[in-house]
Amino acid sequence: LPLPAPRRIRALAQDVVNKIAAGEIIVAPEHALKELIENAVDAGSTSLEVVVKDGGLKLLQITDNGHGIDKEDLAILCERFTTSKLKAFEDLSSIGTYGFRGEALASISHIAHLSVTTRTKESSCAWRAHYSDGKLVSPKPGQSAEPKPIAGRGGTQITVEDLFYNVPSRRRAFRSASEEYAKILDMVARYAVHCAGVSFSCKKHGASTADISVPTAAGTLDRIRQIHKATVANELVTLNAENERWGFKCEGWISSANYSAKRTTLLLFINHRSVESSIIKKAVEQTYATFLPKGGRPFVYLSLDIEPARVDVNVHPTKREVHFLNEDEIIAIICDEIRNSLSKVDTSRSFMTQS
Ligand code: ADP
Ligand code: MG
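Since the structure is predicted, the reported quantities are computational estimates derived from the model, not experimental observations. (Residues numbered from 1 in each chain as written. Chains lettered and ligands numbered in written order. Predicted model: local features only at pLDDT ≥ 70, side-chain atom pairs only at ≥ 80, totals over all residues.)

Right, let's talk about the overall build of the chain for a bit. Scanning the chain from N- to C-terminus turns up 10 helices and 14 strands. Residues counted as buried form 34% of the 355 residues belonging to the chain. A sequence separation of at least 24 residues applies to 67% of the contacts in the chain between residues at least 6 apart. (Helix = DSSP H or I, 4+ residues; strand = E, 2+ residues; numbered from the N terminus. Buried ≥ 20, exposed ≤ 12 C-beta atoms within 10 Å, placed from the backbone. Contact = placed C-beta atoms within 7 Å.)

Turning to the site of ligand 1, a few remarks are in order. Neighbouring residues of ligand 1: 21 residues in total, closest Asn39, Ala43, Thr83, Ser84 and Ala104. Of all the elements in the fold, those that place two or more residues in the shell around ligand 1 are helix H2 (29–42) and helix H4 (104–111). (Near = placed C-beta within 6 Å.)

Before going further, it helps to spend a moment on the nonpolar core. Side chains of a nonpolar character, in soluble globular proteins, are inclined to be buried together. Counting 80 residues, the largest nonpolar core has Ile108, Val188 and Ala192 as the members making the most contacts within it. By residue number, the principal contributor to this core is helix H6 (residues 177–194), which donates eight residues. Shared between two domains, this core holds at least three residues of each, these being domain 1 (14–214) and domain 2 (230–350). If near-sequence neighbours (up to four positions away) are discounted, Ile108 is found in contact with Ile26, Ala32, Leu114 and Val160. (Core = buried A, V, L, I, M, F, W, Y, C linked by C-beta atoms within 7 Å. Domains from an automatic or database assignment.)

Attention shifts here to the confidence of the model for the chain. Confidence in the prediction for the chain averages 89 pLDDT; 90% of positions are at 70 or higher. Long-range and interchain partners of residues 90–99, a stretch whose pLDDT sits below 50, account for 23 contacts in this model, where long-range means more than four residues apart. Here the predicted complex scores 0.91 on pTM and 0.99 on ipTM. (pLDDT = per-residue confidence, 0-100.)

The backbone phi angle of Asp54 is positive, close to 50°, even though this residue is not glycine. Looking at the secondary structure, you find Asp54 in the loop between strand S1 (47–53) and strand S2 (59–64). By the C-beta count within 10 Å, which is 19 here, Asp54 ends up partly exposed. Unlike most non-glycine residues, Asp162 shows phi in positive territory, near 55°. Checked against the element boundaries, Asp162 lands in the loop between strand S7 (155–161) and helix H5 (168–172).

The following block contains the structure:
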């Protein structure tokens, strides 16, 4: 049989490429929200309010009081690889963030209706702009796409509506809005614990009370108490570890041997970004295993500062897991410190019961 003629290779249309890329980065509403929270925190905000409708699929809105966005920058705000945070490739490793390099807002604008209201200190009014596929668009047919002046406070409000409206396969993958809302609450809770000096609230659209609410002045332990309740907070001790050779520093709050839950709660921040690490989780669980009743699991909040050059920032954006140099050595030091801390608490208890 004659071989079939080869099919000609063609480039996909750019908007198709962008949509595919965006759908790979933003898999669920919580991922969009994480980027928006990080942007708000990066902007120096001390107040952050989140409003959610239908698990974030209908509406995700985040209002901050940060430095705002210059009106002149609004035209390129949602273009891919536009950022105020890095200028050269060499900066990639020193920036302390990973995954996104001016891609978050661009990605969101390809798979949702995105609008921004923002006001800087220098501006006499706020500006409102709407985006689609990385570009400014007019909110209604016949209107201009140019940002419009409106009244508003200092800071930025980002509104994301109808997430995945143009990715039906992704949209169908969501079973329940309440499941997505639970993941959103979990993400807000992580940052609310970590970001001392920033107030957080998160509520459903139209609800009168917030599901998460922490004031600006609350310290870390108070934040954990408000979000994870006193049963956890009352059993926590601080953790500190540091090593110059491996270029890291770690602070945190960890449950004592008196606390035991069915599942591990691990709030892990590396260079102030919430990340996942199955290696760290496993090592922590193993360390606790000898101190807790069978099947018991700890609560652990760890904030790790690692020399940015040692953190792998070039992992593909879809990978929520982060890797860094000398992982094994660093984890061993942290787990040693946990072990020390747990045995210390143990001795003081037995000492108290003896006396
Ligand atoms: P990146 O955060 O990697 O720079 P993003 O797409 O998340 O990329 O944001 C692009 C740019 O938009 C940021 O660099 C920042 O200048 C600006 N920006 C986004 N959100 C905010 C915000 N809430 N407040 C002030 N500036 C913001
Ligand atoms: Mg960002």
